[in-house]
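# Structural characterization, general
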Amino acid sequence: MRTWIEKQKHLIDFTLASLMRRKAKNLGLLFIYTLLVFVLASAALYTHALRQEAQKALAGSPEIVLQRLIAGRHDLIPPGYIEKIGRIRGVQKIEGRLWGYYYDSVVKANYTFMAPRDMQIERGEIIVGPALERSRGLAAGNGISFRAYTGELFTFIVADVLPQSSELVSADLVLMNEEDFRAFFKIPPGYYNDIALSVANPQEVRNVAIKLLTALPDSRPILRDEVLRTYASIFDWREGIMLTLLAAAILAFGIFAWEKAAGLSAEEKREIGILKAIGWETGDVIKMKFWEGLLISLTAFLVGYLAAYLHVFYFSASLFEPVLKGWAVLYPRFTLPPHIDGLQVATLFFFTVVPYTAAVLTPIWRAATTDPDTVMRA
Amino acid sequence: MIELVGIRKAFNQGQHNETWALSGIDLTIPAHRVTALKGPSGSGKTTLLTILGCLARPTAGRVRLKGEDISGLPERFLTEIRRQTFGFIFQQFNLVRGLSAIENVILPAYPTGRPRKALLEKAEALLADVNLAHRRNARVEWLSGGEQQRVAICRALINDPEILIADEPTANLDSQLAKEFLAILEKLADAGRTIILTSHDPLVVEAALVDRLVTLRDGRIVETVDKPERRIRRAAS
């Protein structure tokens, strides 16, 4: 066993010396390899963390949101709908919601206005999301005016700013009193944008939705699970765009790695011949080259993954922000809670380290099995 | 020590460019003696040397090392025999560029798994023996031809082999360096090592240290000359 360990130590020593001898070539390879792992890992970590965050954020949302449609377009819920739903079994809580979009021409951005039920906001006051705090330089106690779609000017006092921790979902939010909201958007009393429904038994959600459609044929129930699926597909889609953009880079790396691995230089072939002639077995040569491939790919993987981790969780994935974060003008600024998925790490490892190490071995095996006497004839 | 019986060696066998480098060699290499193989280019010297040194297998015939038939052994076992029994000095020296002299010397010992410290100590001693201790950390491409050959000699000796094989060892050396090389070889022969070398350099084949001179032509042995024992020769001279 000791001899075996010593032998492996010798092989690693020689491998390191070999790597150092071809410093420029190997450092170049290591750099490109690390960059590739970094980009792939960043995309994977980022979308995964976003998905987790969205899932967490939506965990508290209602099981069903009911909208009313007219000519296939979303319309206000008229009075009487809430009462009708109240008679459907399995529905635990019904809540009419008021929300809308407002375009602020000053910063050329859309805000989401909402009149929350679970929060007491005085008339004439608003609570704003962190993105508004930044873009309009708002702080508690400041006044701000918005011109309604009717042309009328409304002035509000900022009562509070929402915490940064909720920024992913609240960046562009403006919360206000229900009466202010109705006055601003000219929504008559008893009308709502949609209805949020809580269903106690998750198994019953689909049944309740069917009953809603029967009782209110002009309505459209949106299930939380569907929203989650939509979010997931949006993130997957974004990840897909990133990977498509990267496809050329990945392909280039593939060719580069293959060329480096497959195309043993005459010098390397000569060296293998010498090693075999002086008593190295074919297995020793292959093991040495295996260590070489493993050292390069493992270093690239570890450094690339660590850099991606820091990039995503400590620098808010600043390099990919425009592609990955969405279409809003007011980008949320937030730090995702660090989250690593074992399966994801294993997948990335499998698709980066294993192919390279394997690609290195094939030509080496071919070179290592040549007769040792060739060195005598060089 | 090594016995060759009916050795034939073909290259590209079965193809249109088939060549027979050796056509029936019967030869015995005695232990603790210096055997030189001489002959013109293409006579089969190097091919014979590769078979003697277990670097290649014969196409036909038997190779016996200390009485044991090794011609049919798989590569793995041949490698082990090669590592334990033979030390090689190649015509082009075949040192690994980019490594220091001492790193080159200990290379053949890596597969043995001996501790690095012991290997370095042994390598230091070998380099000191050939007056090269001061160049131990120099990269081999910075060394002169003579120095490179001395590194190659030390590398051949690191596993303490019984047999030393040298292929055209003076081909890249001037006369002075060739004489120095022969002096080192003589010391090794006196220490009891078996030495087999090929050469067509008169300085080598006519050297006093050669005990047996085998002449080859067209893949066959045409002459074998055995000289009296070295100490008798020395006493006579």
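Before reading on, note that the structure itself is shown above.
Quick caveat: nothing in here was measured; it's all calculated off a predicted structure.

Helix and strand counts for chain B come out as 8 helices and 10 strands. Each of the 237 residues in chain B was classed as buried or not, and the buried ones make up 53%. Taking contacts inside chain B between residues at least 6 apart in sequence as the whole, the part at least 24 apart equals 67%. Carbon together with sulfur atoms contributes 48% to the accessible area of chain B, which is approximately 10200 Å² in total.

Quick look at the interface of chain A and chain B now. With 28 residues of chain A at the contact, the number on the chain B side is 33 residues. Here chain A and chain B share an interface that buries about 2800 Å² over both sides, 59% of which is from carbon and sulfur atoms. For the interface between chain A and chain B, the tally reads 4 salt bridges. Across the pair aspartate 13 of chain A and arginine 116 of chain B runs a salt bridge, and its minimum N-O distance is 3.5 Å. Applying the counting criterion to the chain A and chain B interface returns 10 residue pairs in polar contact (both at pLDDT 80 or more). Among the secondary structure elements, those contributing two or more residues to the side of chain A that touches chain B are helix H1 (2–21), helix H9 (266–277) and helix H10 (282–314) of chain A.

Our focus in this paragraph is the sheet that holds strand E8 (residues 194–198) of chain B. Residues and elements named next belong to chain B. Read across the sheet, 6 strands follow the order E6-E7-E8-E3-E9-E10 without closing on themselves; strand pairing throughout is mixed. Sheet topology places strand E6 (86–89) and strand E10 (220–226) at the edges, where each strand pairs with a single neighbour. Mean inter-strand twist for the sheet, computed between neighbouring axes without regard to direction, equals 15°. Of the strand pairs in this sheet, strand E3 (residues 34–38) and E8 are connected by 4 bridges, and their pairing is parallel. Note that in E8 the partner of threonine 35 across the bridge is isoleucine 196. Along the sheet, helix H2 (residues 75–85) makes contact with E6 and strand E7 (163–167), crossing E6 at roughly 75°.

Residue and element names in this part refer to chain B. The 4 strands lie next to each other as E2-E1-E4-E5, forming an open sheet whose pairing is antiparallel. Strands with a single pairing partner mark the edges of an open sheet, and in this sheet they are strand E2 (19–29) and strand E5 (68–69). Pairing geometry for strand E1 (residues 2–11) and strand E4 (residues 60–65), over 5 bridges, is antiparallel. Bridge pairing in E4 links glutamate 3 to arginine 64.

Turning our attention to the nonpolar core. With 121 residues, the main nonpolar core has Trp280 of chain A together with Ile2 of chain B as its most contacted residues. If one sorts the elements of this core by residue count, helix H2 (residues 23–59) of chain A sits on top with 14 residues. For isoleucine 2 of chain B, the contacting residues outside a window of four places in its chain are Leu27, Thr28, Ile29, Leu52, Val63, Arg64, Leu65, Phe86, Ile163 and Ile196 of chain B. Among the nonpolar cores identified, the runner-up in size contains 40 residues, and Phe154, Val158, Val161 and Ile195 of chain A belong to it.

Bridge analysis of E1 of chain B against E2 of chain B gives 8 bridges, and the strand direction is antiparallel. What sits directly across from arginine 8 of chain B, in E2 of chain B, is serine 23 of chain B.

A word on the pairing of strand E10 (residues 219–223) of chain A. All names here are of chain A. Side-chain alternation along E10 places Ser219, Pro221 and Leu223 on a buried face and Arg220 and Ile222 on a face that remains uncovered. As judged from the 5 bridges shared by strand E1 (residues 64–70) and E10, these two strands associate in the antiparallel manner. Looking at the pairing, arginine 68 lines up with serine 219 of E10.

Cut-offs and rules
- Residues numbered from 1 in each chain as written.
- Chains lettered and ligands numbered in written order.
- Predicted model: local features only at pLDDT ≥ 70, side-chain atom pairs only at ≥ 80, totals over all residues.
- Heavy atoms only, no water.
- Helix = DSSP H or I, 4+ residues; strand = E, 2+ residues; numbered from the N terminus.
- Buried < 20%, exposed > 50% of the residue type's maximum accessible area, 1.4 Å probe, protein only.
- Contact = heavy atoms within 4.5 Å.
- Areas by Shrake-Rupley, 256 points an atom, 1.4 Å probe, with all protein chains shown as cover.
- Buried area = accessible area lost by both parts, 1.4 Å probe.
- Salt bridge = Lys/Arg side-chain N within 4 Å of Asp/Glu carboxyl O.
- Polar contact = N/O pair within 3.5 Å; in protein donor to acceptor, adjacent residues only side chain to side chain.
- Pairing = 2+ DSSP bridges.
- Axes fitted to C-alpha atoms, helices over the stretch in contact; angles between N-to-C directions.
- Core = buried A, V, L, I, M, F, W, Y, C linked by side-chain atoms within 4.5 Å.

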